[in-house]
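In case you want the letters, here they are:
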Protein chains: 2
Amino acid sequence: MRFTSEQRLDDGVLERDFTLGDIPGVLWTPASASEPASAPKSAPVPLILLGHPGGLDRMRPRLAARARHSASEGFASATIELPGSGGRPRLPVVEQARADLRRALEAGEPVPDDVVDRLVLPLVDEGVPEWRAALDALLALPGIDGPVGYSGGVISIGVRLAVVEPRVAAAVLFAGSYVPRVIFEEARQVTVPLHVLLQWDDEGNDRQAALDLFDAFGSKEKALNANMGGHTGVPPHAGEAAARFLARHLRA
Amino acid sequence: MRFTSEQRLDDGVLERDFTLGDIPGVLWTPASASEPASAPKSAPVPLILLGHPGGLDRMRPRLAARARHSASEGFASATIELPGSGGRPRLPVVEQARADLRRALEAGEPVPDDVVDRLVLPLVDEGVPEWRAALDALLALPGIDGPVGYSGGVISIGVRLAVVEPRVAAAVLFAGSYVPRVIFEEARQVTVPLHVLLQWDDEGNDRQAALDLFDAFGSKEKALNANMGGHTGVPPHAGEAAARFLARHLRA
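What you are looking at is a predicted structure, and each value in this text was computed from that prediction instead of being measured.

Trainee: Explain the interface of chain A and chain B to me, please; I cannot follow it from the model alone.
Mentor: Think of interface size as the accessible area that goes away when the parts come together; that is how it is often given. Counting residues at the interface gives 13 residues for chain A and 13 residues for chain B. Among the residues making up the side of chain A that touches chain B, the classes are represented as 6 nonpolar, 3 polar and 4 charged. With 5 bridges connecting them, strand S9 (residues 222-227) of chain A and strand S9 (residues 222-227) of chain B associate as antiparallel partners. Of the residues in S9(B), the one forming a bridge with A:Asn227 is B:Ala223.

Right, dumping it as structure tokens:
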């Protein structure tokens with residue numbers, strides 16, 4: 001992991017771009033966790049991994065806003081680019097699946113399962129090990145420690161990560177993308193506390209599939225928080241409720 | 001409206017039992033809103049009507065806990081007994097419907113629509129005018145003013161009240177009781193902000209019917225907050241989120 005740039009934001013948050021191999025990422029740490037080595041040591045802060053649908057440059061303003069809110073509550077946040085997105089090499093299988101998806105939607109046909117598999121599973125299969133490698137590197141930094149939360153989409157990445165990564169202690173999952181059948185089955189193995197956000201009128205989302213997925217999660221504590229509006233219309237109060245959920249579970 | 005007893009609780013909340021005609025009720029006011037007339041006047045506080053399934057004596061501890069929480073945030077709370085419940089005269093139609101319901105459930109049969117109608121509509125038709133009369137009396141008291149929130153079950157009473165009573169500015173509705181078809185239609189006319197609580201594993205509740213009802217509400221701002229557990233298992237954090245929703249909408 002190599003830091004490539006850093007800036008101190010006006011609220012004292014330290015924003016650092018990094019690369020992990022050839023994967024770009026961003027780390028936001030609250031002022032307390034990013035003092036120079038000479039300053040008195042503060043307690044290490046928990047870490048939130050910010051999921052997103054890919055395209056870090058485009059997503060960055062929204063992710064930064066969430067990270068700064070979390071920093072004000074004493075959490076570090078980090079994200080990495082998804083496989084095949086932003087400046088990373090395209091994934092031909094996913095590109096083909098995206099074209100097939102567009103064709104099905106334009107024809108008003110149901111989206112075949114195999115298209116969903118080809119669209120999402122490569123992101124999960126390649127992305128999850130990358131998130132875990134990022135976690136190794138991030139938790140090795142001074143001032144950052146577990147527990148770790150995952151917050152965002154792609155929901156299938158969040159599901160797989162919650163199943164395979166024991167350091168993830170709680171997750172906020174954004175319903176609203178296609179979910180392969182194999183991920184649906186993995187959802188039954190999730191046991192960490194979950195807070196699932198669902199945009200009730202999400203144009204690109206199958207509401208019933210999202211409800212079925214919520215039902216499938218094995219977690220004893222899970223909450224579904226459905227709000228009005230389209231895919232990007234999560235109301236501020238719902239974002240705050242999600243932040244409160246993470247704070248409740250990540251504070252020792 | 002006649003106060004029949006009062007006690008000052010250890011957090012300064014004034015708890016007063018009252019009767020409105022022959023309907024018993026309870027009013028909780030924060031210390032600030034229940035000073036003697038000689039004290040300097042504070043600003044009047046908003047009012048939350050606490051709905052419940054009937055049987056005020058049994059429900060009282062839970063209602064009092066919610067009222068005291070709301071008082072700490074500067075709200076008065078009040079409730080009245082439902083028609084046919086507690087010490088009030090039985091409603092033969094409802095008693096008969098309850099017996100029919102029990103018979104259907106024991107036989108594992110679907111509950112006929114007409115049983116739901118006979119079970120719930122008398123409570124709505126008689127109860128809603130009583131809640132409105134209570135509102136008239138409560139808002140005439142010194143120290144209490146609008147806006148008014150409704151919070152609780154029977155959800156059908158909350159729906160009708162939200163439609164016919166313009167002083168209700170926001171409502172927390174507890175899914176988990178049978179909803180007559182006519183109320184389902186009235187739900188489309190509801191326009192106030194709604195926060196709907198759904199216990200995902202509620203034994204006595206049809207989850208799909210609750211989701212359909214949520215979908216039907218005409219409100220532009222509505223949130224569904226589903227949590228694990230049975231009918232009475234609303235987790236504390238979900239209760240707090242509901243209180244925050246009301247505070248957001250009732251504070252001028």
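Trainee: How should helix H2 (residues 92-106) of chain B be read in this particular structure?
Mentor: Given 3.6 residues to a turn, an α-helix orients residues that are three or four positions apart in the same direction. Over its 15 residues, H2(B) runs 21 Å from end to end, which matches the ideal 21 Å to within 8%, given 1.5 Å per residue. Following H2(B) by one or two positions, B:Gly108 adopts a phi angle in the positive range, close to 70 degrees.

Trainee: Got a minute to help me understand the packing of H2(B) against helix H3 (residues 113-139) of chain B in this structure?
Mentor: A packed helix pair is summarised by two numbers, namely the angle formed by the two axes and the spacing between the axes. Residue and element names in this part refer to chain B. Relative orientation of the contacting elements H2 and H3 amounts to 145 degrees, with a least axis distance of 8 Å. Every pair of crossing elements has a handedness; the one defined by H2 and H3 is left-handed. Judged by residue contacts, Val93, Val94, Gln96, Ala97, Arg98, Asp100, Leu101 and Ala104 of H2 engage Val115, Arg118, Leu119, Pro122 and Leu123 from H3. Broken down by class, the residue content of the contact of H2 with H3 amounts to 9 nonpolar, 1 polar and 3 charged.

Trainee: When you look at helix H3 (residues 113-139) of chain A in this model, what are you seeing that I'm missing?
Mentor: For H3(A), built from 27 residues, the straight-helix expectation of 39 Å at 1.5 Å per residue is met to within 8% by its first-to-last C-alpha distance of 37 Å. Every buried residue of H3(A) is accounted for by A:Val115, A:Val116, A:Arg118, A:Leu119, A:Val120, A:Leu123, A:Val124, A:Gly127, A:Trp131, A:Ala134, A:Leu135 and A:Leu138.

Trainee: Looking at this structure, how should I read unusual backbone geometry?
Mentor: A negative phi angle is the norm for most residues apart from glycine, just as the trans form is the norm for most peptide bonds. For the bond running from A:Gly146 to A:Pro147, omega is -5 degrees, close enough to zero to count as cis. As for its placement among the helices and strands, A:Pro147 is situated in strand S6 (residues 144-152). Omega for the peptide link from B:Gly153 to B:Val154 comes to -20 degrees, which places this bond in the cis form. Its location among the elements puts B:Val154 in the loop between strand S6 (144-152) and helix H4 (155-164).

Rules used throughout
Residues numbered from 1 in each chain as written. Chains lettered and ligands numbered in written order. Predicted model: local features only at pLDDT ≥ 70, side-chain atom pairs only at ≥ 80, totals over all residues. Contact = placed C-beta atoms within 7 Å. Nonpolar A, V, L, I, M, F, W, Y, C, P; charged D, E, K, R; others polar. Pairing = 2+ DSSP bridges. Helix = DSSP H or I, 4+ residues; strand = E, 2+ residues; numbered from the N terminus. Expected span 1.5 Å × (residues − 1). Axes fitted to C-alpha atoms, helices over the stretch in contact; angles between N-to-C directions. Left-handed = near helix turned anticlockwise from the far one by under 90°. Buried ≥ 20, exposed ≤ 12 C-beta atoms within 10 Å, placed from the backbone.

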